[in-house]
Amino acid sequence: MPKKLTEAEMSAADYAFYGLVWAGTTMTERVDKALVKAHDLPVSWFEVMLWLASSPDPVPASVLGNSTLLSRSQVSRVVDALRARGLVARTPSTRDARSVEVSLTPAGREVFAAADATRREALAEDFTDLLDGEDLEALGRVWRKLKAAKAARSAEGA
């Protein structure tokens, strides 16, 4: 059986990439498990609710599809499931008669608040309690750089 490479055997770029993948997978699995156990709410549903909770106005469905890490068809299925539970509402867009907007219902806001507390608790021991402000700022700088590069590539292709 092949042995695992150690940090010393990897290039800095490979180790950093592995770290991103490991951290994303580990934290997502931890949050998903906690949210499902406490609220019967998969992390993909929470992600859609997070975007809705962050907006003071209803969000066009197309914006959710472009903003989340989910595909547009996944977003549509998640919105349908959340709607079936009474957590979101779909309304015709006031700006574009061809599209719909999605918003949290009052029950959805309550469930989101409880789920967000669960998410924070699930991440605390191995993320927010472990990392200091400087660490969090460094991660923020990395994400902003990666997102800006992606946006620039997208703009070039447009």
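Just so we're clear, the structure is a prediction, and the values are computed from it rather than from any experiment.

Each value, and the rule that gives it
Residues numbered from 1 in each chain as written. Predicted model: local features only at pLDDT ≥ 70, side-chain atom pairs only at ≥ 80, totals over all residues. Heavy atoms only, no water. Phe/Tyr/Trp six-rings, centres within 6.5 Å; stacked < 30°, edge-to-face > 60°. Helix = DSSP H or I, 4+ residues; strand = E, 2+ residues; numbered from the N terminus. Buried < 20%, exposed > 50% of the residue type's maximum accessible area, 1.4 Å probe, protein only. Salt bridge = Lys/Arg side-chain N within 4 Å of Asp/Glu carboxyl O.

Considering the packing of aromatic side chains
For step 1, the next point in the chain: One pass over the structure, following the stated rule, counts one aromatic pair.
For step 2, the next point in the chain: With 5.2 Å between their ring centres and 15 degrees between their planes, Phe46 and Phe112 make a pair best called stacked. In this pair, Phe46 is assigned in helix α2 (residues 43-53) and Phe112 in helix α5 (residues 106-128), connecting sequence segments 66 residues apart.
For step 3, the next point in the chain: Judged by relative accessible area, Phe46 falls into the buried class, the value being 4%.
For step 4, the next point in the chain: On the basis of relative accessible area, Phe112 is assigned to the buried category, the value being 11%.

Topic: the pattern of salt bridges
For step 1, the next point in the chain: In the structure shown here, the tally under the stated rule is five salt bridges.
For step 2, the next point in the chain: The salt bridge partner of Asp80 is Arg90, with a shortest N-O separation of 3.1 Å. Placement of the pair is Asp80 in helix α4 (residues 72-84) and Arg90 in strand β2 (residues 88-92), with a sequence separation of 10 residues.
For step 3, the next point in the chain: For Asp80, a relative accessible area of 37% puts it in the partly exposed group.
For step 4, the next point in the chain: Among the salt bridges present, the one from Arg95 reaches Glu101, with a minimum N-O distance of 2.7 Å.
For step 5, the next point in the chain: On the accessibility criterion, Arg95 (59% relative accessible area) is exposed.

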